[in-house]
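Architecture at a glance
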Amino acid sequence: MIRPSLQYFRRLSAKAPRGPFWLFFIASLFFSFGFSIFFFLFNLYLLGFNFTERSLGLISGFMAFGSILGTIPVGICAERFGLRLTLVSGLLCTVLFSVLRICFLAQPAQLALAMLTGMTLCSWAVCLSPAIASLTREPERPFAFSLMFSSGIGVAALGALVAGQLPGWLRHVPQSFTAGPFTAGEANRLTLEFACGAAAFSIVPLLRLTLPGAAPRVRLPRLSNPFLRRFLPAMALWAMVTGSFPPFANVYFVCHLGLSLQKMGFVFSLAQLVQFLAVLGAPLLFRRTGLVKGVILTQLATAAALASLALIHPGPHGGTPAVWVYPVYMAIQFMNEPGIYSLLMDQIPPSERSGASASTFFVSYACQAIASAAMGAGIFRFGYSAALLAVAGLAVAATLLFGRLSGPHASAPASSDYVEDLTAIRM
């Protein structure tokens, strides 16, 4: 058991990138840490200023709409002005808009700033893959992408833990250090400002990087593949599932089930850990079942978890089952992603993959914007139970559309060097 595992890690470390990649990796750690704290706590901060779930849904929808508007322009800027300038400018603007969101609490200002934040925050998602590709050689890239994804989950778990604990610590600062103890709102605001500072620090290593500059031509994505025209409606419905509940999860636990902020931090940290383990196990699932069947199984399991959360009600011990169901729900949902994107890349010719990826990203953000706003309105009018059951129904409907994607390659068991390496650990 130990010997194959050592062989696996030797093979993995032999493919580790060298040099400037690690500066980018450090930048990603600060980025993930800062914004995981910010997005964990910000909705609860707004609730302290008389915002409701309905208004939070509108704000999340405007942010997603900003990401839709920013996706293609950011890609064009990355080609015309270079990756480093686009990343640094996008991160600076995102931090600035986040600070302004803390300060200006009128709803019109929140809507406008959320949209601007979405337009600039998407620069990280758009530039991430080309930046990693430019900083690594081809044999190093699987390790680099795996490291980025897994470390992002781990750092987000740490951020959730800090976001759950730091406001409580600040509220117990001895009076000799301040004019008086911080209120809950002041402690949340200071924690959010700390998060913005941590995210801003990611710019320092980025400034020391050499990344590709301007390109002579800029290409926009086109819908040119029959499979893509069947894939995008299925992805649109699934994006409505993934974009509905997560923006309201913190409010669900604190305001609906009555959990403390500290306990919610534990739940979110546990969810991040389970997600990390699920992502490692995802290739084994898809190797055994095939891509389409594996995707459908994870979607059905997601629907079952959402229905379970819908049936949990407030009470002295009512929130306890949700503490364990929510991490499973998030893990299954994350486990789904490698199969979906592997399915897309397997069925699209190499010359069309960039356009297909951009089209998928665009459709996903558009549907998540609609879903977030609709979920907020649904919770406000019908409550959490009815809204979660409706989302579970959408997840079941998504399985029907993904089932239509079956083909000779889509339904065959997945195989890759990554799967074989993971299998070696279990030997």
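Note that the coordinates shown come from a computational prediction; the quantities given were computed from them, not determined experimentally.

What about the overall build of the chain?
The number of helices and strands found in the chain is 16 helices and zero strands. Across the 427 residues that make up the chain, the buried fraction comes to 49%. Across the chain, every contact between residues at least 6 apart in sequence was considered, and the portion connecting residues at least 24 apart equals 86%. Taken as a whole, the chain presents about 19,600 Å² of accessible surface, with 67% of it coming from carbon and sulfur.

A closer look at the nonpolar core
Counting 114 residues, the largest nonpolar core has Phe24, Phe231, Phe245, Tyr252, Phe253, Tyr326 and Phe402 as the members making the most contacts within it. With 15 residues, helix 2 (residues 21-47) is the single largest residue contributor to this core. Every residue in contact with phenylalanine 245, bar those within four places of it in the chain, is listed here: Tyr252, Leu306, Leu309, Tyr326, Tyr329, Met375 and Leu388.

With respect to the side chain of serine 372
Relative to the assigned elements, serine 372 resides in helix 14 (residues 353-382). Among all residues touching serine 372, those that are not within four sequence positions of it are Gly57, Ser60, Gly61, Gly243, Pro247 and Phe248.

Things to note about helix 15 (residues 384-403)
Under the 1.5 Å per step criterion, the end-to-end length of helix 15 is 29 Å for 20 residues, consistent within 8% with the ideal 28 Å. Those residues of helix 15 lying buried are Tyr384, Ala387, Leu388, Val391, Ala392, Ala395, Ala398, Thr399 and Phe402. With its buried residues spanning 145° around the axis, helix 15 presents them on a single face.

As for the environment of alanine 249
Structurally, alanine 249 is set in helix 10 (residues 249-256). For the pair formed by alanine 249 and phenylalanine 40, sequence separation is 209 residues and the distance between their alpha carbons is 9.3 Å. Setting aside chain neighbours within four positions, we find alanine 249 in contact with Phe268 and Tyr326.

Looking at the packing of aromatic side chains
All told, the structure shown has 25 aromatic pairs when counted by the stated rule. Geometrically, the ring pair formed by phenylalanine 33 and phenylalanine 194 is edge-to-face, given 6.2 Å between the ring centres and 90° between the ring planes. In this pair, phenylalanine 33 sits in helix 2 while phenylalanine 194 sits in helix 7 (residues 184-200), placing the two residues 161 residues apart along the sequence. Relative to phenylalanine 39, the ring of phenylalanine 35 has its centre 5.9 Å away and its plane inclined at 25°; by these criteria the two rings are stacked. Here phenylalanine 35 and its partner phenylalanine 39 are both found in helix 2, four residues apart, which amounts to about one turn of the helix. The exposure class assigned to phenylalanine 39 is partly exposed, which follows from its relative accessible area of 34%. An aromatic cluster is present here, built from Phe24, Phe31, Phe35, Phe38, Phe39, Phe42, Tyr45, Phe49 and Trp124 joined pairwise through their rings.

Some details on the pattern of salt bridges
Applying the stated criterion to the full structure yields one salt bridge. A salt bridge links glutamate 193 to arginine 189; the nearest nitrogen and oxygen atoms lie 3.4 Å apart. Linking glutamate 193 with arginine 189, this pair stays in helix 7, spanning four residues, or about one helical turn. Arginine 189 sits in the partly exposed class, given a relative accessible area of 30%.

What to know about helix 3 (residues 53-81)
Relative to the 42 Å expected for 29 residues at 1.5 Å per residue, helix 3 spans 40 Å between its end C-alpha atoms, a close match to the ideal helical length. Where helix 3 bends most, the angle comes to about 40°, and this point is glycine 70, followed within four residues by the proline proline 73. The first or second residue beyond helix 3 is glycine 82, which carries a positive phi of 100°.

Here's the deal with a nonpolar patch on the surface
On the surface, Leu273, Leu277 and Leu280 cluster together into a nonpolar patch covering about 260 Å² of accessible area. Relative to the elements of secondary structure, leucine 277 occurs in helix 11 (residues 261-289).

Some words on the environment of alanine 236
The residue alanine 236 is located in helix 9 (residues 226-242) in this model. Separated by 125 residues in sequence, alanine 236 and phenylalanine 361 place their C-alpha atoms 9.9 Å apart. In this structure, alanine 236 is in contact with Val363 and Cys367, ignoring residues within four places of it in sequence.

Structural notes on the environment of leucine 291
Relative to the assigned elements, leucine 291 resides in helix 12 (residues 291-310). Sequence separation of leucine 291 and tyrosine 341 is 50 residues, and the distance between their C-alpha atoms is 9.7 Å.

Some points on the packing of helix 2 against helix 7
Where helix 2 meets helix 7, the axes come as close as 7 Å, and the angle between the chain directions of the two elements is 155°. In terms of axis orientation, helix 2 runs roughly antiparallel to helix 7. You can see that helix 2 and helix 7 cross each other, and the crossing is left-handed. Here Phe30, Phe33, Gly34, Phe35, Ile37, Phe38, Leu41, Phe42 and Tyr45 of helix 2 lie close against helix 7, whose contacting residues are Gly185, Asn188, Arg189, Thr191, Leu192, Phe194, Ala195, Cys196, Ala198 and Ala199. Partitioning the contact of helix 2 with helix 7 into residue classes produces 14 nonpolar, four polar and one charged.

Some thoughts on the confidence of the model for the chain
On average, residues of the chain carry a pLDDT of 79, and 80% of them reach 70 or more. Of the regions scoring below 50 in pLDDT, residues 411-427 engages in 32 contacts with residues more than four places distant in sequence or in other chains.

Concerning the packing of helix 9 against helix 15
Contact geometry of helix 9 with helix 15 gives a least axis separation of 9 Å together with a crossing angle of 160°. Relative to helix 15, the element helix 9 lies roughly antiparallel. Between helix 9 and helix 15 lies a crossing of left-handed hand. In this structure, helix 9 contributes Phe231, Pro233, Ala234, Met235, Leu237, Trp238, Met240 and Val241 to the contact, and helix 15 contributes Val391, Leu394, Ala395, Ala397, Ala398, Leu401 and Phe402.

Parameters and conventions
For every chain, the first residue of the written sequence is number 1, and numbering continues from 1 onward in sequence order. Residues qualify for local features only when their pLDDT is at least 70, as the model is predicted, and side-chain atom pairs are given and counted only at 80 or more; totals for whole chains, interfaces and linings, by contrast, use all residues. The side-chain values count all of the structure's non-hydrogen atoms but skip hydrogen atoms and water molecules. Each helix corresponds to a stretch of at least 4 residues labelled H or I by DSSP, and each strand to a stretch of at least 2 residues labelled E; elements are numbered beginning at the N terminus. With a 1.4 Å probe rolled over the protein chains alone, any residue whose accessible area is under 20% of its type maximum counts as buried; one over 50% counts as exposed, and the rest are partly exposed. Working rule for contacts: check all heavy atoms of both residues, and any pair within 4.5 Å makes them a contact. Each accessible area value is a Shrake-Rupley result obtained with a 1.4 Å probe; residue values ignore everything except the protein chains displayed when judging cover. To define a nonpolar core, start from buried Ala, Val, Leu, Ile, Met, Phe, Trp, Tyr and Cys residues and group those joined through side-chain atoms within 4.5 Å. To estimate the expected span of a helix, subtract one from its residue number and multiply by 1.5 Å. Directions from the helix axis toward the C-beta atoms define the arc. Between rings of Phe, Tyr and Trp, where Trp is taken as its six-membered ring, a pair exists when centres lie within 6.5 Å; planes separated by under 30 degrees are stacked, by over 60 edge-to-face, and by other angles tilted. A pairing counts as a salt bridge when a side-chain nitrogen of Lys or Arg comes within 4 Å of a carboxyl oxygen of Asp or Glu. To get the bend at a given residue, fit one axis to the seven residues ending there, fit another to the seven starting there, and take the angle between those axes. A patch is a set of surface residues, each over 30% in relative accessible area and not in a salt bridge, joined within 9 Å for like charges and within 5 Å for the nonpolar side chains Val, Leu, Ile, Met, Phe, Trp and Tyr. Note on geometry: axes are lines fitted to C-alpha atoms, helical ones only across the stretch in contact, with angles between N-to-C directions running from 0 to 180 degrees. Should an angle fall under 35 degrees it is taken as roughly parallel, and over 145 as roughly antiparallel, whereas 65 to 115 is taken as roughly perpendicular and any remaining angle as oblique. Handedness of each helix crossing follows the sense of rotation of the near helix against the far helix: counterclockwise by less than a right angle gives left-handed, clockwise gives right-handed. Just so you know the grouping, Ala, Val, Leu, Ile, Met, Phe, Trp, Tyr, Cys and Pro go in nonpolar, Asp, Glu, Lys and Arg go in charged, and all remaining residues, Gly too, go in polar. What pLDDT expresses is the predictor's confidence in each residue, scored from 0 to 100.

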